[in-house]
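Chain residues, written in single-letter form:
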Amino acid sequence: MSNDLAGVWEVALSDGVHRIEFEHGTTTGKRVIYVDGKEILRRDWMFKLVGKETFSVGKSETKATINIDAVSGFAYEYTLEINGKSLKKYMENRSKVTSTWILNLDGTDCRVVLEKDTMDVWCNGQNIETAGEFVDDGTETHFTLGDHNCCVKAVSSGKRRDGIIHTLIVDGAEIAESSPVRLV
């Protein structure tokens, strides 16, 4: 990487947290985008220094756009959009449609994500096979991680505003939900 690094963002998707780095050479017009350390786009000798670059992130090929805007003189502002929304708005919305838990099992850090709309469960970027069942107070989605029995329990909060509460239970112990967003 060069000293033209203009922006770094971390985006939490179901398949993991992806690091996006953007280099912008304001004297050469160079634009380079790295996702998780891998160069995915390079443009050299761009005469137009403002504009946007669109690319895909993650296994689901989520659409991302870096906007390059002139602020004043030779100062530029760089913003990241995910699926057409600002990163902040996207992450706020994402926290409504997913639940994320970070835990350590047998010495390995695990990031478990529940997609509430589909009830898909992901662990460290892998979609996990699950079995769902209806129970007296809601639903349970069962799966295993290594030798550990896991379950996402979904129960009504009893309050319309709060909706359904999702809880991860591993070997009978409840795991606290984590914040899915980290801004760099």
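Scoring rules and cut-offs
- Going along each chain's sequence as written, the residues are numbered from 1 onward.
- Since the coordinates come from a predicted model, pLDDT governs what is reported: local features require at least 70, and pairs of side-chain atoms require 80 or more to be given and counted, while whole-chain, interface and lining totals use all residues.
- Excluding hydrogens and water, the side-chain figures rest on all heavy atoms present in the structure.
- UniProt positions are given in the numbering used here, feature names are shortened, and annotations may be inferred rather than shown by experiment.
- Pairing between strands is defined by DSSP: at least two bridges between the two strands are required.
- Strands here are runs of E lasting at least two residues and helices are runs of H or I lasting at least four, both read from the DSSP assignment and numbered beginning at the N terminus.
- To define axes, lines are fitted to C-alpha atoms, for helices over the stretch in contact only, and angles between the resulting N-to-C directions are given on a 0 to 180 degree scale.
- The contact criterion used is simple: two residues touch if any of their non-hydrogen atoms lie within 4.5 Å.
- Residue ranges assigned to the domains are those given by an automatic or database domain assignment.
- As a working definition, buried area equals the accessible area (1.4 Å probe) given up by two parts on being put together, with both sides summed.
- Every case where a carboxyl oxygen of Asp or Glu lies within 4 Å of a side-chain nitrogen of Lys or Arg is listed as a salt bridge.
- Each polar contact in these results corresponds to two N or O atoms within 3.5 Å; when the atoms are within protein, one needs to be able to donate a hydrogen and the other to accept it, and residues that are neighboring in sequence are counted only if both atoms are side-chain atoms.
- Each residue receives one of three labels: charged for Asp, Glu, Lys and Arg, nonpolar for Ala, Val, Leu, Ile, Met, Phe, Trp, Tyr, Cys and Pro, and polar for the others, Gly being one of them.

As recorded in an unreviewed UniProt entry, the protein chain goes by the name Fas apoptotic inhibitory molecule 1, listed as coming from Takifugu rubripes. If you open the UniProt record of the protein chain and go to Sequence similarities (unreviewed entry), you find "Belongs to the FAIM1 family."

Strand order in the open sheet formed by four strands is E9-E10-E11-E12, with antiparallel pairing between adjacent strands. The open sheet has two free edges, formed respectively by strand E9 (98-105) and strand E12 (126-128), since each of these has just one partner strand. Each adjacent strand pair in this sheet contributes to an overall mean axis angle of 30°, direction not counted. Here strand E10 (residues 108-115) runs beside strand E11 (residues 120-123); their pairing, made up of four bridges, is antiparallel. The residue of E11 that forms the bridge with Leu114 is Val121. The strands touched by helix H1 (residues 87-97) are E9 and E10; relative to E9, the strand with the most contacts, the crossing angle is about 75°.

Where the parts come together, the accessible area they lose is often given as the size of the interface. Domain assignment breaks the protein chain into domain 1 (5-93) and domain 2 (98-175). Opposite the seven residues of domain 1 that make contact, domain 2 presents seven residues. When domain 1 packs against domain 2, close to 520 Å² is buried across both sides, 43% of that on carbon and sulfur atoms. On the domain 1 side of the interface with domain 2, the three residues burying the most area are Ser14, Asp15 and Lys59, jointly 77% of the side's total. Viewed at the interface, domain 2 and domain 1 are joined by zero salt bridges. Inspection of the region where domain 1 meets domain 2 yields three residue pairs in polar contact (both at pLDDT 80 or more). At the level of secondary structure, the elements contributing two or more residues to the side of domain 1 that touches domain 2 comprise strand E1 (5-13) and strand E2 (16-24). Broken down by class, the residue content of the side of domain 1 that touches domain 2 amounts to three nonpolar, two polar and two charged.

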